[in-house]
Amino acid sequence: MNEMTEEGIVSVMSDHQAASSSPDCPQCPQHILTGAEAAVSYAQFCEAFGFSVGPSGARALLLFYELWGPSGTLVQRGQASNCLAQGQHPEPLLFDHQGYLSSVLEVCEEVSYIMLYCNYTPCQECCQTMASFLLRYPWMRLDVLFSQLYHTAPSQPYSLDNQTGLRSLAALWPRLTLSPISGAAWGHLLRCFVRDVPPSALQFPLLPERVEADRVNAIQISDITGIGPAFLDLPLRTDTEHVERTHTPQALTLLPPPHLTTSMCISTPHPRPPGRLVEIVWEVEREVRTAVSQSQHRDSKRRRRSRRK
């Protein structure tokens, strides 16, 4: 079995950058960086990922990845960013049939598990590229964690196409999962991929705005795909905690991941992202049922008052 040596990394990076660079992009050919070079500044991380107060609406597309071996050994950490000149998102740079990961697998056969931390969910075309990658490498597992949804709201362009793409990815469970970045996963990102992090940023709990954004992400990805996130690390709400509802209550339905509703048993030595499996699902579902019941009760009272008038 081939191992990923420093010489191998340099060779793969040199070949891939030479083939994918564009003179019209200021970042080319540095769209894929590995090791210590993959770390970004704290300010860049906050702007791209919406840390620590919630969605930022950033235009830049940025993701971090971890490649793991079957025994749980870390093979490589890195980052990928979008190319403005070619209009290319970071996912194809990694997962295309001529992308970086295919080049890595030619010199390193021990990679069997990929963790992806994205500032946005993949668009439809990127979803297709990632699905094709898993078809080419049937032994590979991929877990995708994200901080913001990419153009999935009804008012945004290609929202239906992007939702369809996310559903096609979710259908690849259990080889692929989609979950929001939450809880301890934020600390993992800060420690492994961000430089010059202020000590206060590593203190928990997270700000309420970020926690609520992660909770909404979990509900929305569940609503789009019909499958709940596999990993979620959120604090339980108290019964007295006020919650602002910005969407129709009936639309907020967080489904459990398949492994909580089937007898399928998956045994894997791969590392798991920080956080617990989503016991939180049931708590959120209770909140949704309560919100729907209260809304129906208010509507009923208004109808009775209007009839008396």
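Definitions and limits used
Residues numbered from 1 in each chain as written. Predicted model: local features only at pLDDT ≥ 70, side-chain atom pairs only at ≥ 80, totals over all residues. Heavy atoms only, no water. Salt bridge = Lys/Arg side-chain N within 4 Å of Asp/Glu carboxyl O. Buried < 20%, exposed > 50% of the residue type's maximum accessible area, 1.4 Å probe, protein only. Helix = DSSP H or I, 4+ residues; strand = E, 2+ residues; numbered from the N terminus. Phe/Tyr/Trp six-rings, centres within 6.5 Å; stacked < 30°, edge-to-face > 60°. Core = buried A, V, L, I, M, F, W, Y, C linked by side-chain atoms within 4.5 Å. Contact = heavy atoms within 4.5 Å. Polar contact = N/O pair within 3.5 Å; in protein donor to acceptor, adjacent residues only side chain to side chain. pLDDT = per-residue confidence, 0-100. Pairing = 2+ DSSP bridges. Axes fitted to C-alpha atoms, helices over the stretch in contact; angles between N-to-C directions. Parallel < 35°, antiparallel > 145°, perpendicular 65-115°, else oblique. Nonpolar A, V, L, I, M, F, W, Y, C, P; charged D, E, K, R; others polar.

Asks: Before we go on, may I ask you to explain the pattern of salt bridges in this structure?
Replies: When the charged atoms of two side chains lie near each other, side chains of opposite charge can form a pair. One pass over the full model with this rule turns up four salt bridges. As a salt-bridge pair, Arg141 and Asp143 come within 3.1 Å of each other at their nearest N and O atoms. Across the pair, exposure class does not vary: Arg141 and Asp143 are buried alike. For the salt bridge of Arg215 with Glu212, the shortest nitrogen-to-oxygen distance reads 3.7 Å. Of this pair, Arg215 and Glu212 both sit in helix α8 (residues 208-225), three residues apart, which is roughly one turn of the helix.

Asks: Sorry if this is basic, but what is going on with the packing of aromatic side chains here?
Replies: One pair of aromatic rings is described through two measures. These are the centre distance and the angle between the planes. Under the defined criterion, the tally for this structure stands at twelve aromatic pairs. A centroid spacing of 5.2 Å and a plane angle of 35° characterise the contact between Phe51 and Trp186, whose relative ring orientation is tilted. In this pair, Phe51 sits in the loop between α2 (42-49) and β3 (62-68) while Trp186 sits in helix α7 (residues 184-193), placing the two residues 135 residues apart along the sequence. Note on Phe51: relative accessible area 6%, which makes it buried. For Trp186, a relative accessible area of 0% puts it in the buried group. Considering the side-chain rings of Tyr117 and Phe193, the 6.2 Å spacing of their centres and the 50° angle between planes classify their relative orientation as tilted. In this pair, Tyr117 is assigned in strand β5 (residues 113-118) and Phe193 in helix α7, connecting sequence segments 76 residues apart. An identical accessibility class is assigned to Tyr117 and Phe193; each is buried. Here the aromatic cluster, defined as three or more aromatic residues joined through ring pairs, consists of Phe45, Phe49, Phe51, Phe64, Tyr117, Trp186 and Phe193.

Asks: What's the story with the nonpolar core in this structure? I'm lost.
Replies: Among soluble globular proteins, nonpolar side chains are generally buried collectively. If you look at the biggest cluster of nonpolar residues, it comprises 36 residues, and the most contacted ones within it are Leu94, Phe95, Ile114, Leu116, Phe133 and Leu142. Considering every element that reaches this core, the biggest residue donor is helix α5 (residues 124-136), with five residues. Non-local contacts of Leu142, meaning those with residues more than four positions away in its chain, are made with Phe95, Ile114, Leu116, Met130, Leu134, Arg175, Leu176 and Thr177. Counting residues in each nonpolar core, the second largest holds 27 residues, with Cys46, Tyr113, Leu145 and Val211 among its members.

Asks: What is the right way to read unusual backbone geometry from this model?
Replies: In most cases, non-glycine residues show a negative phi, while peptide bonds are predominantly trans. Residue Phe51 is joined to Ser52 through a cis peptide bond whose omega torsion reads 10°. Within the secondary structure, Ser52 sits in the loop between α2 and β3. Omega for the peptide link from Trp173 to Pro174 comes to 10°, which places this bond in the cis form. On the secondary structure map, Pro174 appears in the loop between α6 (159-170) and β7 (176-180). Positive phi, close to 50°, is recorded for His151, a residue that is not glycine. Along the chain, His151 turns up in the loop between β6 (141-146) and α6. At Tyr158, a position not held by glycine, the phi torsion is positive, near 60°. Tracing the backbone through its elements, the reader meets Tyr158 in the loop between β6 and α6.

Asks: Explain the side chain of Asp214 to me, please; I cannot follow it from the model alone.
Replies: By secondary structure assignment, the location of Asp214 is in helix α8. Take Asp214: its relative accessible area is 0%, and that puts it in the buried class. Within the structure, the side chain of Asp214 is placed 2.8 Å from the side chain of Arg210, a separation counted as a polar contact. Sequence-distant contacts of Asp214, defined by excluding residues within four places in its chain, comprise Pro180, Ile181, Ser182, Gly183, Trp186, Leu206 and Leu234.

Asks: Just checking my understanding: could you explain the side chain of Arg141 for this structure?
Replies: By secondary structure assignment, the location of Arg141 is in strand β6. Among the polar contacts listed, one links the side chain of Arg141 to the side chain of Asp143, at a separation of 3.1 Å.

Asks: What is the right way to read the confidence of the model for the protein from this model?
Replies: Reading predicted coordinates in detail is not appropriate for stretches of low pLDDT. For the protein, mean pLDDT is 78; residues scoring 70 or higher make up 67% of the total. Confidence drops under a pLDDT of 50 for residues 273-285, and excluding neighbours within four residues, the segment shows 41 contacts in the predicted structure.

Asks: Help me out: how do you make sense of the sheet that holds β3 in this one?
Replies: What links the strands of a sheet is backbone hydrogen bonding, and the strands pair in either a parallel or an antiparallel sense. In space, the six strands of this open sheet follow the order β1-β4-β3-β5-β6-β7, with mixed pairing throughout. Since the sheet does not close on itself, it has two edges, and those belong to β1 (32-34) and β7, each with one partner. For this sheet, the mean inter-axis angle between neighbouring strands, taken without regard to orientation, is 20°. Sheet strands touched by α2: β3 and β5. Its angle to β3, the strand with the most contacts, is close to 100°. Together, β1, β3, β4 (74-81) and β5 form the strand contacts of helix α4 (residues 100-107), whose direction differs from that of β3 by roughly 15°.

Asks: Even after reading the chapter, I still don't get the packing of α6 against α8, so can you show me in this structure?
Replies: Angle between the axes and distance between the axes: these two values describe a pair of packed helices. Two elements in contact, α6 and α8, have axes separated by 8 Å at closest approach and are oriented at 85°. Classified by the angle between their axes, α6 and α8 sit roughly perpendicular to one another. On α8, the residues that touch Gln163, Leu166, Arg167 and Ala170 of α6 are Ile221, Ile224 and Thr225. In terms of residue class, the contact of α6 with α8 is made up of four nonpolar, two polar and one charged.

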